[in-house]
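The chain contents come next:
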Amino acid sequence: MEWQPEPENLRQLIQMLNSTNMADNAVQQQNNQLLEQLSQVPDFINYLLYVLVFMKDESSLVRTVAGLLLKNKVRQDFKRIQRDVLEYVVRKSIDGIGDPITMVRHTLGTVVATVVALGKVSNWPDVLPRLLQLLDSSDYTVVEGSWDILHKICEECDQELEEPMPDGTRPLNVMIPKFLTFFSAESPVLREYAISTTTLFVTQRSECMQPMMDTFVVELFKRANDDNAEVLKAVCKAVVALVESRPDKLMPELENVVNYMIHTTQHSDPDIAMEACEFWLSFCEQEELVESLKPFLDRVVPTLMRGMVYSEEDLLMLDNDDNDAILPDSDQDIRPRHHRARTHDQHQADTQASDGESDEESDDESDDDLDDYYAEWSLRKCSAASLDVMSTAFGDQILEFVLPVLKEELASEDWRIKEAGILALGAIADGCMSGMGPHLPSLLPYLVQWFKHKKALVRSIACWSASRYGKWAIFGSEPNTLKVYFEPLLAGLLEAMMDNNKRVQEAACSAFATIEEDAGPYMVPYIQPVLETLVRAFGLYQRKNMLILYDAVGTLAEAVGPELNQPQYVQRLMPTILERWENLQTYDQHMFPLFECLSAIALGLGPGFRPYAQPIYERSVHIAGETLQMCQQAQQDPSLDAPNKDLVIVALDLISSIVQALGEESQQLIAQHNCVALQLVGMCMVDAETDVRQSAFALLGDLAMNCFVLIQPQLEGIMQQLIPQIDSDFTHLNVCNNAAWSAGELALKAGDEVMQPYVSPLLERLVPLLNNANTPLTLAENAAITIGRLGLVCPSMVAPNLDAFAQRWCFVLASVKDNEEKASAFQGMMTMISANPHGISKAFLLFCQAAANWQTPDPRLMEMFVQTFAGLKQMAGNDWEASIGMLDPQSRQIIRERYNA
């Protein structure tokens, strides 16, 4: 007998569902209470299913909400729901898939896909055959509903569909041929389903898809001129998937494909054009393909540049020339921020990377650079990104196609076309900086003039584009480049930062931050006018732009460093910053960038931060402790909202900066407050969140350098927590990195006797890390530094193992810039060589190369090098000349002349 609901329970459920869209908070609270009561009814799932499938007289909203509650209930309680109940849900949902209401059909599809995904495809062997059978139904709604379920299952279970079912068949071997037959279906909805669903397996490089790839390509291009917009978008996405996964299927017909994509990139429907434009972005990111695009650049480049012109739809959203600086921002205007915890790294002598920033992080920031100026992803943004990538791939070669269009656009009286030209000029900056050099003396002044254009969108994009050429204005080969180009650029940006339009403020302030980061110490002569503008901006900016302003202040401090520590600068800046610090509520999202800003200021001012250290330190400690306590309470009581733990991270990082700024004077500050900072470090080193642990070990290292006397009584407990975090698999890379570095700092301060119990367990972890060729470079460098420091402090324990790590040690540290950490590590290496000279035998040439790479070793290190090479030369005897003869001539000369060997 079919299950039937109890009328009263059903009535209450319907009543509750009917009131779900009411805005009254009291009603919503009643609904939540009633829902909690009803969910205790044994057959609650069946009630929801009954409303969704059978109560067709109810509104589509009521039925859909019932279905979404059903899906959530299944997801939440899946492992506790009996199999027969789930089978009933799936069977009745598929039975109802022909419902005339699309929203209801798609909700049914979501329910079925959720059950199958959670329960695994192989445990529901009847579902896929039934759905494939229903695709042959004469009832369109049944076919469309079946496609909806199939698409969702394919999205959720793409890997499983490759695996054999209990009968030995792979589902995709049956599904894909069926899908391909729908590419030419009469209904455009079904065509779009078929193309987009099959494309999922092209993207995933499905093994089952490969034998059918030729058929896929043939059937796909039959739809190249489809009259339905959604189908055309699906075709474009499929072509992009082929570029990324199986470009070999396109290359034989590349000219036709390129012609088609050029044509479609200019489609009158901007959404279709945008999907087509993705082709150029993806194509240029494939290094092995990009050269084959060269014959078509004369047509592709102008097409992309035309695509950068704002559409009418864009302008409805963005074209605002109002003087809106006094209007408050709404919360939804402000994007969430995520603090990146501090990572300790060494600095490579042959790169410009610093601050522990990986290539991936740099790429992310570059993407954010574009994100700041173009709202959501659009044809305009995709065109600009494609030209950017294309300019990187082809360099100056594309200028012959860019410059004629650029000249025309920049001279246009139509502000939209001029603005697109300015965007293109910025987009090619990274890839074509050399080729643009001869044009920049005339172009850059124009960009600065356009900071005052009557259209806010022109002013804002001119700021961004100019910032992309900041390095040329600073380091260019033109005579007197700073005076002629950089100073007008800087003055123009400072003026634009005070624009009465918020979009221009944002663009100018972001551009200024980029410029000052590029300029570094070249900013020193301009600190006073910069500070005047920044302080004035604090009185003008609304909440959204205030976030960028904090970044700009912090970047200035990083750029000029100790030069900021002048009374006139400190007195101009700090009252404004302290006012913000004292007045902001702890959980205001502005606290995050303010913490970061203060960290940079503290490091810049160094000892000059002393007058402000105590109250800032006290509040930082309080915020970190309170946040940890609230997180702990929220774990114990799920009804409580846990605060954002990023507050702990930024607080720890600011405490680190204060300790670095004050040096050994920070010992008194920390002791005055009962060493609460050490308690925080102890808690945070074992926190569940990796970013918290990462910042805790960064702070531990700084405390070890400057406050070891406070740490020493707790050293045993600290080392028990620290050593396991040095993970040979570097599962949590940055935690492992900072733990390894802080261990070295502790070793230097602890000395031989105190450190001995920890040397062996540390080496057991550090040596495999160092010798693993897959260990990321920054981590390998810190492992090598710490091994060297352990060798300096406890040579009798480390030197016998020298042969186990010397080769990799020398290789890793050879290219690190000269610094104190590297110096102490090399002192340790030479102490170990003195104790075990045979241990360096296999690494002799690498050690010589690493020694030759030193630029300015300090006197103590120089003396040790001379003594070490004298000892090695004496040990080698008559073989010395043959040994160093294997070095390259330059290194050999350095060893002989600098180190007297």
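Given the structure is predicted, the values throughout are model-derived calculations rather than measurements.

Chemist: Could you clarify how one ought to interpret the overall build of the protein chain in this entry?
Modeler: The secondary structure content of the protein chain amounts to 46 helices and 0 strands. The C-alpha atoms of the protein chain give a radius of gyration of 33 Å, which matches the 29 Å a tight globule of 901 residues would have. Seen through its C-alpha atoms, the protein chain measures out along the principal axes to roughly 95 × 70 × 65 Å. For the protein chain, the proportion of its 901 residues judged to be buried stands at 56%. For the protein chain, the accessible surface area stands at approximately 39300 Å², while carbon and sulfur atoms represent 49% of it. When the 67 positive and 127 negative side-chain charges of the protein chain are each reduced to one mean point, those points stand 1 Å apart.

Chemist: I keep staring at the packing of helix H5 (residues 83-95) against helix H6 (residues 102-119) and nothing clicks. Help me out?
Modeler: To describe two helices that pack against each other, one gives the angle between their axes and the distance between the axes. It is the contact of H5 with H6, at a shortest axis distance of 9 Å, that shows an interaxial angle of 145°. For the crossing formed where H5 meets H6, the hand is left-handed. Seen from H5, the contacting residues are Leu86, Val89, Val90, Ser93 and Ile94; seen from H6, they are Leu108, Val111, Val112 and Val115.

Chemist: In this structure, what is going on with the side chain of Asp148? I would like to understand it.
Modeler: You can see Asp148 is positioned in helix H8 (residues 140-156). Classification of Asp148 as buried rests on a relative accessible area of 5%. Discounting chain neighbours no more than four positions away, the residues touching Asp148 are Arg105, His106, Gly109 and Tyr193.

Chemist: Is there a simple way to explain unusual backbone geometry in this structure?
Modeler: Note: most residues except glycine have negative phi, and most peptide bonds are trans. Although it is not a glycine, Asn480 sits at a positive phi angle of roughly 55°. Along the chain, the position of Asn480 falls in the loop between helix H24 (470-475) and helix H25 (481-496). Residue Cys675 is not a glycine yet carries a positive backbone phi of 55°. Position of Cys675 relative to the elements: it lies in the loop between helix H33 (666-672) and helix H34 (676-684). Given the relative accessible area of 17%, Cys675 is considered buried.

Chemist: What is the right way to read the state of the cysteines from this model?
Modeler: Overall, the coordinates contain 0 disulfides when judged by the stated rule. Distance from the sulfur of Cys684, which forms no disulfide, to the nearest cysteine sulfur (Cys631) is 10.0 Å. The class of Cys684 is buried, set by a relative accessible area of 0%.

Chemist: What exactly am I supposed to notice about the nonpolar core here?
Modeler: Generally speaking, nonpolar side chains in soluble globular proteins are found buried as a group. Ranked by internal contacts, the top residues of the largest apolar core, which has 329 residues, are Phe216, Trp280, Phe609, Leu722, Met755, Leu762 and Trp809. Here this core gets 17 residues from one element, more than from any other, and that element is helix H38 (residues 733-771). With residues near it in sequence (within four places) discarded, Trp809 still touches Leu770, Ala784, Ile787, Gly788, Ala825, Phe826 and Met829.

Chemist: I keep staring at the environment of Ser460 and nothing clicks. Help me out?
Modeler: Along the chain, Ser460 turns up in helix H23 (residues 456-467). With a relative accessible area of 6%, Ser460 lands in the buried category. If near-sequence neighbours (up to four positions away) are discounted, Ser460 is found in contact with Arg503, Val504 and Ala507.

Chemist: What is the right way to read the packing of aromatic side chains from this model?
Modeler: By convention here, two paired aromatic rings are described through the distance between centres and the angle between planes. The tally for this structure, following the rule as stated, stands at 26 aromatic pairs. Seen in terms of ring centroids, Phe844 and Trp880 are 5.6 Å apart; in terms of plane orientation they differ by 70°. Their pairing is edge-to-face. Highlighted residues: Phe844 in helix H43 (residues 844-852) and Trp880 in helix H45 (residues 880-884), separated in sequence by 36 residues. Judged by relative accessible area, Phe844 falls into the buried class, the value being 13%. The exposure class of Trp880 is buried, given its relative accessible area of 2%. Taking NZ or CZ as reference, Arg83 lies 3.8 Å from the ring centre of Trp124, over its face. Here Arg619 stacks its cationic end above the ring of Trp581, 5.1 Å away from the centre of that ring.

Chemist: Is there a simple way to think about helix H31 (residues 610-636) in this case?
Modeler: In an α-helix there are 3.6 residues to a turn, and that puts residues three or four apart on one side. When the terminal C-alpha atoms of H31 are compared, their 40 Å separation across 27 residues agrees well with the 39 Å that a helix rising 1.5 Å per residue should span. The principal kink in H31, of about 25°, is found at Ile616.

Chemist: Is there a simple way to think about the pattern of salt bridges in this case?
Modeler: Side-chain pairs of opposite charge can arise where the charged atoms are in close proximity. Counted by the stated rule, this structure contains 34 salt bridges. Residue Glu219 is joined to Lys222 by a salt bridge in which the shortest nitrogen-to-oxygen separation is 3.0 Å. Here Glu219 pairs with Lys222, and both are found in helix H11 (residues 213-222), just 3 residues apart, close to one helical turn. As a salt-bridge pair, Glu881 and Arg896 come within 2.4 Å of each other at their nearest N and O atoms. One end of the pair, Glu881, is in helix H45; the other, Arg896, is in helix H46 (residues 889-898), with 15 residues separating them in the sequence. Members of the salt-bridge network, linked through shared partners, are Arg191, Arg223, Asp226 and Asp227.

Chemist: Just checking my understanding: could you explain H46 for this structure?
Modeler: What H46 keeps buried is the set Ser891, Arg892, Ile894 and Ile895. Burial along H46 is one-sided: seen end-on, the buried residues are contained in an arc of 160°. Seen from the open side of H46, the exposed residues pointing more than 90 degrees away from its buried face are Pro889, Gln890 and Glu897. Just beyond H46, the residue with positive phi is Asn900, at close to 55°.

Chemist: I tried to follow the confidence of the model for the protein chain on my own but got confused; where do I start?
Modeler: When pLDDT drops low, the exact placement of atoms in the prediction is not to be read closely. Scored by pLDDT, the protein chain comes out at a mean of 91, with 94% of its residues at no less than 70. Put simply, helix H17 (residues 359-371) is where the protein chain has its lowest mean pLDDT, 41, and helix H27 (residues 527-538) is where it has its highest, 97. Scored below 50 in pLDDT, residues 350-375 shows 37 contacts in the model against residues more than four places distant or in partner chains.

Chemist: Just checking my understanding: could you explain the environment of Gln712 for this structure?
Modeler: Along the chain, the position of Gln712 falls in the loop between helix H36 (708-711) and helix H37 (715-722). When its relative accessible area of 37% is taken as the criterion, Gln712 is described as partly exposed. Measuring from C-alpha to C-alpha, the distance between Gln712 and Ala814 comes to 33 Å, with 102 residues separating the pair along the chain.

Chemist: Help me understand the environment of Phe279, please; the structure alone is not making it clear to me.
Modeler: By secondary structure assignment, the location of Phe279 is in helix H14 (residues 270-284). For the pair formed by Phe279 and Lys483, sequence separation is 204 residues and the distance between their alpha carbons is 43 Å. Aside from chain neighbours lying at most four places away, what touches Phe279 is Val239, Val240, Val243, Val257 and Met261.

Chemist: What am I meant to see in the side chain of Ser824 here?
Modeler: Of note, Ser824 is situated in helix H42 (residues 820-835). The exposure class assigned to Ser824 is buried, which follows from its relative accessible area of 8%. Side-chain polar atoms of Ser824 contact the backbone oxygen of Glu821, separated by 2.8 Å. Ignoring any residue separated from it by four or fewer positions in sequence, one finds Ser824 in contact with Leu748, Gly788, Arg789 and Leu792.

How each quantity is defined
- Residues numbered from 1 in each chain as written.
- Predicted model: local features only at pLDDT ≥ 70, side-chain atom pairs only at ≥ 80, totals over all residues.
- Heavy atoms only, no water.
- Helix = DSSP H or I, 4+ residues; strand = E, 2+ residues; numbered from the N terminus.
- Rg over C-alpha atoms; globule rule 2.2 N^0.38 Å.
- Buried < 20%, exposed > 50% of the residue type's maximum accessible area, 1.4 Å probe, protein only.
- Areas by Shrake-Rupley, 256 points an atom, 1.4 Å probe, with all protein chains shown as cover.
- Lys, Arg positive; Asp, Glu negative; His and termini not counted.
- Charge placed at Lys NZ, Arg CZ, Asp CG, Glu CD.
- Axes fitted to C-alpha atoms, helices over the stretch in contact; angles between N-to-C directions.
- Left-handed = near helix turned anticlockwise from the far one by under 90°.
- Contact = heavy atoms within 4.5 Å.
- Disulfide = S-S within 2.5 Å.
- Core = buried A, V, L, I, M, F, W, Y, C linked by side-chain atoms within 4.5 Å.
- Phe/Tyr/Trp six-rings, centres within 6.5 Å; stacked < 30°, edge-to-face > 60°.
- Lys NZ or Arg CZ within 6 Å of the ring centre and 35° of its normal.
- Expected span 1.5 Å × (residues − 1).
- Bend = angle between axes of the 7 residues up to and from the residue.
- Salt bridge = Lys/Arg side-chain N within 4 Å of Asp/Glu carboxyl O.
- Arc of directions from axis to C-beta.
- pLDDT = per-residue confidence, 0-100.
- Polar contact = N/O pair within 3.5 Å; in protein donor to acceptor, adjacent residues only side chain to side chain.

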